[in-house]
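# A structural walkthrough
Single-letter residue listing:
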Amino acid sequence: MSQSNGPLSSRDAATAAGLRERFGFLHDVVLDMERRIPYAAALARTRTGLRLNLRDAEQSADRMDPQEGIVLTASNGHQLEEASTDLTDVDAVRRLADDLVERTLAAKAADDTPRLDIASDGAATGDFATSLHEDPGSISLADKLSRFDGLRRQLRALDDRAVQAICSYSEHEMQQVFASRSGLNTQQIRRTNMALIIFVSDGGRQEYGYVARSGSGGMELLSVEDEDLQRAATLAAELLGSTSVPAGTYDVVTDPSTTGTIAHEAFGHGMETDMFLKQRARGAEYIGKRVGSDLVNIVDDPTLPAAYGCYFVDDEGRPAAPTQIIRDGILQGGLTDLYSATRLGIARTSNGRRESVQRKAYARMSNTFFERGEHTPEDLLGSLDHGLLLCQTENGMEDPKGWGMQIWTHYAREYRGGKPTGRLFSPVAMTGYVPDVLADVSMVANDFDMEAGSCGKGWKEIVPVGSGGPHIRTRCRLA
Amino acid sequence: MDQRLIDALRRHPEIDDWTVRHQHGRSAQIYLVGTTVENVRQVDREAYEVEVFNDHDLDGERRRGSATIPMSAGDLERLPEVLDTAAAMASLVHNPPWSLPEPGQELPKVQLSDPRLASTDASLAAAREAAEQIRELAAAEAPNGIRLSAAELFANSVDEELHNSRGLTLAASSTHLLLELVLLARRGDDEAEYFRQAEARRLDDLRIAETIVDGSRMARDKLGAVRPQTRVGPVVVGGEALPQLFGGTAVTQTGALLAQASAATAYSKLSRLEVGRPIYGDRQRDGDAVTVRANALLPFGVASYRFDADGVGAQDLLVIEDGVLRARPATQRYAQYLGLPASGRPGLAQVAAGATNSAQLLDGGEPVYEVVAFSAPNVDTLTGDFGMEIRLGYEHGPHGVRPITGGSVTGNLFQALADVTLSSETRIFASYAGPVAMRFGSLQVAGSD
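Residues numbered from 1 in each chain as written. Chains lettered and ligands numbered in written order. Predicted model: local features only at pLDDT ≥ 70, side-chain atom pairs only at ≥ 80, totals over all residues.

## Notes on the interface of chain A and chain B
- Every contact between the two is made by 62 residues of chain A and, on the other side, 62 residues of chain B.
- Considering only residue class, the side of chain A that touches chain B consists of 24 nonpolar, 22 polar and 16 charged.
- For strand β5 (residues 80–85) of chain A and strand β2 (residues 36–58) of chain B, the ladder comprises six bridges, and the chain directions are parallel. Residue A:S84 lies in a different strand from β2(B), and its bridge partner there is B:V43. (Contact = placed C-beta atoms within 7 Å. Nonpolar A, V, L, I, M, F, W, Y, C, P; charged D, E, K, R; others polar. Pairing = 2+ DSSP bridges. Helix = DSSP H or I, 4+ residues; strand = E, 2+ residues; numbered from the N terminus.)

## Let's talk about the domain arrangement of chain A
Residues and elements named next belong to chain A.
- Considered domain by domain, chain A is made up of domain 1 (3–239) and domain 2 (248–478).
- Centre-to-centre, using C-alpha coordinates, domain 1 lies 22 Å away from domain 2.
- At the interface, 34 residues of domain 1 touch 27 residues of domain 2.
- The set of elements that each furnish at least two residues to the side of domain 1 that touches domain 2 consists of β2 (39–55), β4 (69–75), β5, β6 (127–130), β7 (162–180), β8 (183–201), β9 (206–216) and α5 (226–239). (Domains from an automatic or database assignment.)

## Section: the sheet that holds strand β18 (residues 432–435) of chain B
All names here are of chain B.
- One open sheet holds the six strands; their spatial order is β10-β9-β8-β11-β18-β17, and the pairing between them is mixed. Edge strands, defined here as strands with exactly one partner in the open sheet, are β10 (324–325) and β17 (426–428).
- Note: strand β8 (residues 292–295) against strand β9 (residues 316–321), four bridges, orientation antiparallel. The partner of V292 across the bridge, within β9, is I320.

## Some words on the domain arrangement of chain B
Residue and element names in this part refer to chain B.
- Structurally, chain B comprises domain 1 (3–222) and domain 2 (231–446).
- Taking only C-alpha atoms, the centre of domain 1 and the centre of domain 2 are 24 Å apart.
- Each partner contributes to the interface: domain 1 provides 28 residues, whereas domain 2 provides 24 residues.
- Elements with a minimum of two residues in the side of domain 1 that touches domain 2: β1 (17–33), β4 (146–164), β5 (169–187), β6 (190–200) and α4 (208–222).

## Observations concerning helix α1 (residues 10–23) of chain A
Residues and elements named next belong to chain A.
- An ideal rise of 1.5 Å per residue puts 20 Å on 14 residues; α1 measures up with 20 Å between its terminal C-alpha atoms.
- All of the buried residues along α1 are D12, A16, L19 and F23. Burial along α1 is one-sided: seen end-on, the buried residues are contained in an arc of 60°. Set apart from the buried face of α1 by more than 90 degrees, the exposed residues are S10, A14, G18 and E21.
- For α1, the secondary structure elements touched by its buried residues are α2 (25–33), β2, β6, β7 and β8. (Expected span 1.5 Å × (residues − 1). Buried ≥ 20, exposed ≤ 12 C-beta atoms within 10 Å, placed from the backbone. Arc of directions from axis to C-beta.)

## Section: the sheet that holds strand β12 (residues 323–327) of chain A
All names here are of chain A.
- Reading across from one edge, β13-β12-β11-β16-β23-β22 is the order of the six strands in this open sheet, with mixed pairing throughout. Every other strand in the sheet has two partners, leaving β13 (330–331) and β22 (449–457) as the edge strands with one partner each.
- For strand β11 (residues 298–300) and strand β16 (residues 367–370), the ladder comprises three bridges, and the chain directions are antiparallel. Note on β16: the bridge partner recorded for D300 is T368.
- Helix-sheet contacts for helix α6 (residues 256–267) involve β11, β12, β16, β22 and β23 (460–469), and the interaxial angle to β23 is about 130°. (Axes fitted to C-alpha atoms, helices over the stretch in contact; angles between N-to-C directions.)

## Concerning helix α3 (residues 120–140) of chain B
Residue and element names in this part refer to chain B.
- For α3, spanning 21 residues, the distance from its first C-alpha to its last is 30 Å, which sits close to the expected 30 Å at 1.5 Å a residue.
- Among the residues making up α3, those that are buried are S123, L124, A126, A127, A131, I134, L137 and A138. Across the axial projection of α3, the buried residues extend over an arc of 160°, all falling on one side. Turned more than 90 degrees off the buried face of α3, the exposed positions are D121 and E136.

## Observations concerning the pairing of strand β7 (residues 231–238) of chain B
Residues and elements named next belong to chain B.
- Note that β7 and strand β19 (residues 437–446) share seven bridges and pair antiparallel. Opposite V232, over in β19, you have Q444 as the bridge partner.
- Note: β7 against strand β12 (residues 368–374), three bridges, orientation parallel. The residue of β12 that forms the bridge with V237 is V371.

Below is the structure:
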């Protein structure tokens with residue numbers, strides 16, 4: 001368990017106290033602003049982080065952008081106005097708040113603009129921190145470089161045809177303070193991420209295999225066994241003999257990374273309720289209706305232990321809690337931010353997230369996944385008369401209005417009569433009509449795994465997320 | 001530029017070289033949901049990024065380590081501690097030596113700024129005016145069944161300075177606009193959307209009126225569009241789909257063509273291209289010869305700049321000529337590693353025009369699929385493999401033209417270019433400039449079986 005809602009460690013408690021001492025004035029700033037306008041809030045964020053990239057004949061060790069700053073939010077009862085600055089001293093922030101209130105009061109809404117009555121937000125008021133079993137801060141940079149380059153060299157040595165091996169590693173700790181009329185909370189969120197990639201060549205063609213580890217927590221999440229490295233090297237070599245998949249519609253079993261991407265793209269983005277407000281999501285018309293087989297259960301949960309998209313409080317002050325998106329194939333409800341929940345008159349969920357203080361909050365996913373079923377993964381694969389096991393999704397794209405979906409997987413293994421034939425296809429583009437793909441979910445396995453990802457809203461607003469689930473069996477179009 | 005930082009870097013005994021980049025950015029952002037203003041934002045940010053170098057010996061060889069340290073305002077108040085950490089990081093990194101750019105190079109004068117965005121207040125006023133224009137233009141499309149779903153407009157300006165330990169001192173200013181526009185078309189119970197993200201250096205270059213008219217037409221066309229048939233055959237890629245094929249993504253700024261050509265990729269032994277050799281892999285050319293430049297000098301180009309992160313002046317580099325790799329775009333470091341001239345960060349991929357009118361690309365006696373928008377760019381920068389869902393396209397066949405949507409187009413960019421016909425008309429996008437349409441002789445389309 002790498003989330004901590006209980007007592008903080010002494011180090012985390014000291015950090016929380018420091019955040020309160022430094023940014024405690026934000027609560028007073030917000031209360032002052034609300035003497036003149038109906039709603040105000042403040043968010044302060046800072047980040048420390050390290051990024052390593054190790055490869056043949058080249059290394060880098062860089063600090064992450066601290067992204068330190070404050071964003072003040074104000075409403076005049078019709079719309080929001082915000083001001084963002086990297087100045088964090090009391091006087092500068094108070095001046096900014098005064099200017100923002102003046103600007104907000106002066107903003108003229110169009111005659112037909114409805115009122116924006118923001119209810120008491122019930123913001124969390126505690127201190128929260130991701131717990132660490134192996135604190136990255138306790139390991140020297142020299143030891144990290146030695147450990148990760150050792151793994152990289154070990155992977156590279158596994159195949160004579162290797163032309164390159166890369167290890168990328170990142171750790172970061174985001175410290176955040178949110179203040180509203182309800183009070184002030186702090187959170188310390190730590191994430192680690194590592195990928196080992198081997199590139200092999202037969203002289204003409206290059207392919208790759210990889211091992212990835214990540215999550216909310218410390219170095220304990222990055223354990224890699226010898227067999228993991230061997231699997232990556234073996235896969236890269238196998239892929240040198242892979243072909244394009246003959247275009248067509250197939251019975252498929254998806255691995256957890258692909259299952260998670262289906263959840264994310266199919267009914268993740270489409271259930272972000274700012275999309276409801278913009279009338280971009282067809283799902284808005286299907287709340288309470290069937291959108292998949294009764295085996296389909298999809299959840300978004302920022303509290304899922306150790307998953308990459310974890311947090312304790314969203315960026316608009318809402319305490320983190322899971323949201324059931326689909327239960328037994330029936331669409332339940334969406335993921336909200338403050339603005340869309342207020343406009344739509346629906347309950348808030350803890351999904352208001354910002355890329356940084358320089359950007360506005362939107363309704364965003366956290367950790368989105370299919371829930372487990374009853375079968376073993378072997379049951380699913382054994383049921384394939386002729387089908388494919390889709391593995392290692394690399395990216396996906398949604399179309400909540402048209403309910404189209406595009407997923408790009410690294411490779412697929414062919415199965416006939418429930419057995420692998422040895423044929424590999426790579427890469428594989430999966431497209432489909434979301435309701436068809438979910439209606440065709442005929443088996444759900446009892447395994448479960450989560451992967452880290454970076455999620456954009458359109459092509460920007462990148463936030464860390466997790467996605468995953470068990471193996472599932474469905475049917476889709478491949479090319 | 002904070003002189004305390006320069007002084008501290010000069011004094012530090014373990015820092016052998018350094019580069020400081022200072023940016024002061026201002027942004028006005030306006031968000032519409034339908035015709036309602038959701039949020040109006042002002043952003044002010046001052047950022048320092050310091051790259052420090054430490055030279056040392058390892059196993060008898062001279063090595064250069066570096067560490068890049070983005071700084072907050074608070075870091076400037078504790079410089080000794082921050083720079084000690086940076087120097088220690090650099091001392092643990094062991095790379096072959098390379099040197100920083102020296103003063104004396106003549107930098108290009110590249111036009112990068114819209115004078116209308118000279119201040120935050122001016123940017124905010126321009127953004128409000130543009131938002132009003134969007135509302136009015138969308139309202140004018142209402143008789144055609146079109147309404148505005150959402151729009152976001154960012155008007156950004158950046159003043160930047162670069163100083164390095166060799167005495168190089170550079171400055172540049174630029175503006176950048178981003179428009180995200182969503183239009184909805186309705187016919188009966190059917191609805192379809194048009195999504196566009198456009199970037200420009202000048203407000204006028206966003207071509208808001210044209211974007212809304214074109215977007216309205218495309219949203220209407222998507223109503224009733226059918227899925228294409230699965231087949232291998234000619235595909236014409238045009239309009240917004242071309243930058244999706246040749247430009248970068250949210251993750252990779254440079255598209256597959258220039259990424260594979262780059263010195264950095266070659267140094268990592270991950271380039272499939274060789275200088276002096278055709279780019280088509282094992283395929284023989286059976287179409288127009290492809291010529292591609294990495295152009296960072298295009299006036300008001302989104303990918304244009306005055307100097308890159310090392311301080312190398314922008315260039316317009318001939319990369320591929322008649323299908324043969326001629327030069328590798330090389331940043332300072334990789335240029336020295338490979339013994340090439342430094343050309344700086346590559347700009348946009350600029351493909352030379354062909355000789356065929358775009359309308360003729362759709363002829364040929366057999367049914368042709370034309371794709372004008374993919375759902376998202378997805379070209380593997382290592383292999384050139386691509387697979388993209390068709391957001392909107394058209395089937396040109398014996399029975400006329402009908403819109404298509406859904407399904408996918410897959411292939412390999414390098415192999416596909418062996419059999420391409422390029423239009424004579426050209427257009428400039430943010431990450432791609434060149435023919436407005438390309439006909440690929442044989443690509444896999446997956447749709448209805």
